[in-house]
Structure formats: C-alpha cells, structure tokens
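# Summary of the model geometry
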Amino acid sequence: MRTDTPVQIKLADYTPYPFAIEAVKLYFDLDPEQTLVRSVLQVRRLGEGDMLLDGETIELKSIALNGQPLSASAYTLTETGLTLHDVPDEFELEIEAFTHPEKNTALSGLYMSGGRFCTQCESVGFRRITFWPDRPDVMSRFEVRLEADRDAYPILLSNGTPGASGAVEGQPARHFAVWDDPHPKPSYLFALCAGDYDVYRDQFTTMGGRDVDLAIHVDKGDADRAAWAMESLKASMKWDEDVFKREYDLGVFNIVAVRDFNFGAMENKGLNVFNSAYVLADEATATDMDFESIESIVGHEYFHNWTGNRITCRDWFQLCLKEGLTVFRDQEFSADLRSRPVQRIKDVINLRARQFAEDAGPLAHPVRPASYASIDNLYTATVYEKGAELIRMLKTMIGDQAFADGMQIYFDKYDGSATTIEHFYSCFEEASGQDLADFRRWYSQPGTPTVIAEEDWDEATGVLTIQLRQHNPKTPGNDDPKPLPMPIRLAAFKPVGDKLSEETVILKGADTEYRLTDQSVRPLVSINRGFSAPIRLEHKVSDEVKLQLARLDDDAFNTFNTLQGFVQAEILDLAYNGKADPDRDIVAAVGEAVRGNFKDPAFAALLTRVPSVGELFLEQEPAAPLKLAAAKKALQKALALELEQDADAILKAETPATFKPDAEQAGTRALRSAMVTLIAALDTDEADEKIMAQFDTAKNMTESLSALRAQCTLGRAGKAKAITAFEQKWRDNALVMDKWFAVQAATGSAEDVRALIAHPAFELTNPNRVRSVIGVFAMQNLEQFHAPDGSGYALVAEIITQADKLNPALAARLTQAFEQWRKLEPEAKANAQKTLNRLKSGDLSKNTMDIVVRALN
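What counts as what
- Residues numbered from 1 in each chain as written.
- Predicted model: local features only at pLDDT ≥ 70, side-chain atom pairs only at ≥ 80, totals over all residues.
- Heavy atoms only, no water.
- 1 Å grid on protein atoms, 1.4 Å probe; cavity = no way out; pocket = protein on both sides within 12 Å on 5 of 7 lines; lining within 4 Å.
- Points joined across faces, edges and corners; volume = space filled by probe spheres on them.
- Helix = DSSP H or I, 4+ residues; strand = E, 2+ residues; numbered from the N terminus.
- Nonpolar A, V, L, I, M, F, W, Y, C, P; charged D, E, K, R; others polar.
- Buried < 20%, exposed > 50% of the residue type's maximum accessible area, 1.4 Å probe, protein only.
- Pairing = 2+ DSSP bridges.
- Phe/Tyr/Trp six-rings, centres within 6.5 Å; stacked < 30°, edge-to-face > 60°.
- Lys NZ or Arg CZ within 6 Å of the ring centre and 35° of its normal.
- Expected span 1.5 Å × (residues − 1).
- Contact = heavy atoms within 4.5 Å.
- Axes fitted to C-alpha atoms, helices over the stretch in contact; angles between N-to-C directions.
- Parallel < 35°, antiparallel > 145°, perpendicular 65-115°, else oblique.
- Lys, Arg positive; Asp, Glu negative; His and termini not counted.
- Salt bridge = Lys/Arg side-chain N within 4 Å of Asp/Glu carboxyl O.
- Polar contact = N/O pair within 3.5 Å; in protein donor to acceptor, adjacent residues only side chain to side chain.

Counted under the stated rule, the structure contains five cavities of 30 Å³ or more. By volume, the largest cavity is sized at about 60 Å³. Considering the residues around the largest cavity, the lining is formed by Asn 262, Phe 263, Asp 376, Asn 377, Arg 771, Ala 809, Leu 810 and Arg 813. Sort the elements by how many residues they give to the lining of the largest cavity and helix α24 (residues 808–815) lands first, with three residues. Considering only residue class, the lining of the largest cavity consists of three nonpolar, two polar and three charged. There is about 50 Å³ of room inside the second largest cavity. Looking at the second largest cavity, the residues that line it are Leu 651, Arg 672, Ser 673, Val 676, Gln 694, Glu 703, Ser 706 and Ala 707. At the level of elements, α15 (663–681) and α17 (701–714) are the ones that each hand at least two residues to the lining of the second largest cavity. Residues that form the lining of the second largest cavity fall into these classes: three nonpolar, three polar and two charged.

As structure tokens, this is what we get:
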C-alpha cells in the first residue's frame, strides 16, 4: 500500500540547466521487443554542478565521454535517471540504451500502435527513450537516423527534413532514413513514426513562394478519409500567414494518425502525431462535430509551429503560454472560417461546462500554477480554455492594433528561445504603453469571479447609473483573493430597439460605475457582450426587462445567455423548490427565439439547448443529480411541445443531396438534430416511430447518430433495433464504434455500462475506447455516475485501478470525474468519499494519486 503524498515541484525553485546541448545525433535500431537507442550529445557547461539526465523504464547499455567508456564511479544510475560527476566544460557524451516499445502500454515515449512505431514525448516521455535532461528549456538541434525492417516498416519519419536513405550495409532486409531538424527544440517535441501507411499528399505554397510537401499517413485503405484534414491544414497555413504573418519554415509537413493515443494530437516539429479520431472523416462515418473538431485541432497543432515550437516555454509552469495562446488562435481560426457568434457560444459552453467546474472544486488551480506533483495532470481546461480567455481579454483591453504589434514583437524578440509569461506580456506593454502587472494576476489567482451589475434609474434627470462590483471566491491555496482587471463590454438600447451606445468598461478594482445621461426613457443595457470577461454575471434587473432585452439585443451571445439563464432557473426551481410545471411564458419565449432564428439554423439549434446536469451542479448545494435530470427532462418536454409542429416540418424537409462539411450545411443538420432531440423528449410511442424513421433514412453520420442518441434517451421499442442495426453496420470501424459505445454510456445505468465493458470490442489498452465508455459515463451521465447507492463510483473506481497499471495518464484523467463530490447530497457524497479513500489506499501511480489526494484535501 502506498500512502505517501506526491512531492510538489515549485515554480519558485526553478534554476536554469547548467549545461547546453547544442546538437545531438540519435540512432534508432528499431525493434518492437527491444529497440537500441544511441545518442551522441555535444555538451557545453553553463554553470556549476553535476550533469543530471532523466531516464525511466529504459536500460543503460553503455556510456562514454569523449570516446572513452566511463567507469562505474563516474556516474550514478537510479530508477529515475543518470547523474554524471566531475565532467569537463566541453565534451561529447555517447549513451546507448534499450527501450521496449511493445511493452509500453503507458503510450508515453516510444510505443507500438497497430503494429507501427510511434512516440509521445510531451511532457516527460523522452526520458523513456534515452537519458536526457527532459525539460523544455534545454533546446538542441536534432539529427536522427532510423533503421528498421524494410517490409514491416517501409516508411520512416522524424522531425525536420529528410536526408539520406537506403539499405543498411550488410543487412539487405533492413533500411534506414536520416532526418535533420535545423531548428533547436526541446526533447518534448521529438517524434518518430515507422510503419506501413497509406499516404494522402498535397502541396502548399507559402507567402514567400516556397513549396511545402504535405503528407498525412493513415491506416491502409483510409487515405481518402484524410481529405478534410488536409484541407484544414492548408487553410490553417494560409490563415496564419494572413492574420499573424507567420510562414511555415520547413520544406515538408507530415501528419501521422494513430489509433492508440492519450491526447487529441501533438505538435512535434514537422511531424504532428494525431489521434486518428481527429484526422479521419467522411460523411458516412463522421459527424459535423467531427469535421469541426478536425478543422480546429489540425489548426491548433499547426499554429503551435510558432506559438510552442519556434518559441517554447521555459518550464512547465509556463504551459499556459503555449497552450492558452494557441487555443485562442485556433478559436479565432474557427470563428473566421465558420460563424463567429456561433463559435463564440460553443467556446463559452465548453468553458463553463469544464473550466468553471474545475475552478469551483478541489482541483482548482491558477492558469499558471505555483506548484504541481505531476505535470501530466495540468493539461486542464484552466490552462487551455481559461488561458485562451486571458489572451482574448488582453486583446480587448489594449486594442486590436496594439495586440497585433505585441505579437510581432514577441515573434521577433523570442524566436528560438524558451520564454515565460513575463516575457510575453512585456511585448504588449511595449506595444501598448500600458503596465499589465495587475492583469497578470489572472495567471496566479484561481477561481471564477462573479460580477454583480445593479442599475439605478433617475427619471427626473434622465440618468441611468450602472454599478459593477466583482466578487472573487476563496479557492484551494488562496484565502485572500484580489480584484482582477477585466473588460466588460456594454451596449444600451432604447426600449424600441435602437442602439444608443456601445463601449468597453475596464473594471480595474472591486467596483466601478458606468453612466448613461440625457435619456428620455430608461435604456436597456446588455452587459458582458460576447462574453468579454470569463465571469459569472448577476444582472439585477427584472425578468421582464431581461426578456425584453433578449428580444432586441444584437449580440448573439447575450441573447443566448439570457435565455439559457431563464431555462437554468426553471430547471433549478423544478428540481429543488417543488415547482410542478415549467413556466409557460419562459418556454414560449425560447420557442419564439428559436422560430425567429430559423434563417440562422446553427444559432437556432443552440437556442434549443438545455444546460447539462454538470453545469447545473454548480448552482446550488447540495446537488441532487437525479432531481436535476428529471427537471431537465420536464423542461425539455415542455419546449418540445412548444416546437413540435416546427420540428415535424423541419424533419420532413429534404437534406442537401450533396454533402458538404461547411458551416451552412452543418447548421442545417444541427437544427435537424436539435429537433430530433426535442421529439425524443415527448416520450411517446409516436415519437419513437418518428425517430426510427429518421434513423432508417439518415443520409450521413450526423443524422444517424443523432437518431441513435435520441432512441437511447427515449428508451422505447426503437432503442434495441437502432443499437443492433448500428453495430451490425459499423462493427469493423473502430472510430464509429467509439460513438456507439459513447451513446449508450451517456444514457445507461452502471449495470448497462458493465455490459459494454464486457463487450468483445472493449479494450482497456485503447484510450479512445476507455474514454468512450468510462469517460462518457463518469463525466456526462452524472445522474447515473452519482447514483446515491454508489454503484457508479464502484464501477469507475474498478476501471481506474485497472487502467492505472497500464496507462497512468488515462487513469488520472478518469479520476477527475470525482472533482465535484463535495457538492453532492449526503448519501452520494459519503459514497464518493469512501471510494476516493479506497483508491488512496491502493498502489496508485503518481499521476492518479495526485488527483485523489487533491480531491480529498
């Protein structure tokens, strides 16, 4: 039994690495059972002390300094690395080590996926390949030679540009390829892939006139399904040139899709490795959401070429610098390619569902934390999504031109270096002439601020005064939160709809005032337009005023947000206050808004949305998931009755004959899917028949999956038919079967999920499959996961324990599902705590133990 608390690494303890490794040559003799890695490092001393090299799960074969083998007394070897004593100021270090790809189920370092070699080195995977100072501030030029069996692994890839290749001398069955990356990089950006692939090829001409060869490597037979990913890549390259003036800097850009991957994708220099779920798509097998995700993630990883690769982070505490900035860039990319208002709403939905919950629980942490026990556990919504919101606020506060100028200063000044948040913000202080020290407090203070807006109307003088006050909650490690500077976008309207004014108010301290003068009638004020600050807003005006504002507001986000607020309040009233039925006026207002936006079907679809149980969790304690789910269902049924005739008419209309994954068609299908969801909420045999008809006639995966999801929610006669038909059709397509598993896990009981785990296609070693079942059950099906009898907790804890022995990063992610346990009603809360304590008493990995300890503390 392990009882120790993971050791904390602290930002305050950072010291530069005392050696520079200016260049390294890596030689790989690839073999699934045992790969030999020989590294030759050119080292120069920068400071005092021994040379520490990280190394885990690898075997040292030999070590030599300047060509001479080192004696055993010249170094110390432990389970976590190698320390060299009394080394000279300049030297060549040669190390040979063995690694075992076939046994690597953690999917960190060098491993096998589908019979092919693959690597994942961020954040600390390179130490599982060879001994190295595995930290982002050690940047080196890499030259790589790969050797492998020619027939089994005909394609050999690494970072940079290809060099020599051919048969290995004296070994005709083996071949080699050399890759040279001219740009210094940290070890976490190293990559290699080797195998037999189908390849989808294209070319891009940069703004400087250089031709770049593009290639996406996929499973045999899947090349055509990479076409959308390729279009997304070319669009990303063009957008980064147009918007940020960034040109790609190598002659090749490779993407490799793998089935076994812990994350969405990885931005390795010139060789991106992707989860195949975010590469492969066609109308038969991928939904519109899949197409959007591929477009966004391909963009995200490409944008890292400058914000992450050419300029990287000094230490992992600066993770938000590369990730928050790049998420902001990919959100802007998606907004430019699709509908900006719709994209903004989707981004905020995601932020509230994931990051607001994180900020409100025991796992809350700053965007730039002061300490961590396992860096793998800080790839969070706070670092990514909240980090992006801080960049967006910065842009709003200093203005578009100063932001653009600051970005160019950043690129020019720090290209080729490892930087910090302070370095980054100094560029914008230079560009804007503003002192941003107070704004940087956002990076060190966790928690979601609440802004209270109160209005005082003086009819005699025609003055409306708006008082804005912010409240910042206490969070783990922060008992004395400070006010945070934030931009609040406001607009005032006449009651007839004419806009009077629009401006951005900077709330610098705890409160501020905004005045509208010379008004003949009381204006209506739209606050935090476009979600200009990542806050909770309490606008203290009557429901009548809010509804009036929702009808005339020209800010799509605030229209959506106001109506969602009414829907949320109704659900809470139904769940906790004994209210019998939803308010007809509220339901009618939402229905009116939906009908009024049919010309923008993507926005209309969003207006039908009902907040998730997870979002509702945060609004009242103790949380009762079963009551919330029942109340949500009642509200959804009332809205379905309001829009039933509209839904029938929309679903009778023909879908476009030729499928396109563009915003226009996706919006049309989104509205159709929303109507299918509403029909399911009617909970009648007639609804079952209508949905089955939609399932039987679906022309694409978006429509097929929405009908399957509706059948699983409805749970009538059509459910079993749809589940069986879908499985029979797609049983040989792993990515589509992930969807089949996920739909059932999102709607079933713990017993149902146990049946899914027993299915022959369930693989504990495949992260996609585990996430589609256990991840979905624990993080989306909250009424069943948080069942008062503890059955959901028991199930998930079993899988966490099993997965932790194979893949600690995956197990730790699953454990995060327990983060809201303290908000639960007493019986469920007690069972959750018991489950966490049982997990804590087991022999867990550092990753998973870190989450358990933080959740309990």
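A separate point is the pairing of strand β13 (residues 155–158). Every second residue of β13 is oriented toward a common face, with Ile 155 and Leu 157 on one face and Leu 156 and Ser 158 on the other, all of them buried. Across four bridges, β13 lies against strand β16 (residues 192–195) in antiparallel orientation. Residue pairing in the sheet places Leu 157 in a bridge with Cys 193 of β16.

Turning our eyes to something else, we now look at the packing of aromatic side chains. For any two aromatic rings, the description comes down to two numbers: the centre-to-centre distance and the angle of the planes. Per the stated rule, a full pass over the model turns up 42 aromatic pairs. Both rings, one in Tyr 793 and one in Phe 818, keep their centres 5.6 Å apart while their planes meet at 40 degrees; by these two values the pair is tilted. Linking Tyr 793 in helix α23 (residues 791–806) with Phe 818 in the loop between α24 and α25 (826–840), this pair joins segments that are 25 residues apart in sequence. Considered together, Tyr 793 and Phe 818 belong to a single accessibility category, that of buried residues. By the ring-pair criterion, three or more aromatic residues cluster together here, those being Trp 306, Phe 328, Phe 403, Tyr 410, Phe 411, Tyr 414, Phe 424, Tyr 425, Phe 428, Phe 439 and Tyr 443. One cation-aromatic arrangement involves Arg 314 over Tyr 14; the distance from NZ or CZ to the ring centre is 3.7 Å. Lying over the aromatic face of Phe 244, Arg 329 brings its terminal NZ or CZ to 4.7 Å of the ring centre.

Spanning 15 residues, helix α6 (residues 400–414) covers 21 Å between terminal C-alpha atoms, matching the ideal 21 Å at 1.5 Å per step. Looking at α6, one finds that the buried residues are Ala 402, Phe 403, Gly 406, Met 407, Ile 409, Tyr 410, Phe 411 and Tyr 414. Against the buried residues of α6 lie α1 (227–244), α3 (319–337), α5 (381–398), β24 (418–419) and α7 (421–432). Gly 416, located one to two residues past α6, shows a positive phi value of around 85 degrees.

The next subject is the packing of α1 against α3. The contact between α1 and α3 brings their axes to 11 Å, and the two run at 105 degrees. Considering their axes alone, α1 and α3 lie roughly perpendicular with respect to each other. The residues of α3 that touch α1, namely those facing Ser 232, Ala 235, Ser 236, Trp 239, Asp 240, Val 243 and Phe 244, are Arg 329, Glu 332, Phe 333, Asp 336 and Leu 337. Per-class residue counts for the contact of α1 with α3 are six nonpolar, two polar and four charged.

Right, let's get into the side chain of Asp 555. Looking at the secondary structure, you find Asp 555 in the loop between α8 (543–552) and α9 (556–576). For the buried Asp 555, which has no salt bridge, the nearest side chain bearing the opposite charge is Arg 489, at an N-O separation of 4.5 Å. Within the structure, the side chain of Asp 555 is placed 3.1 Å from the backbone nitrogen of Gly 530, a separation counted as a polar contact. In contact with Asp 555, other than residues within four places in its own chain, are Arg 529 and Gly 530.

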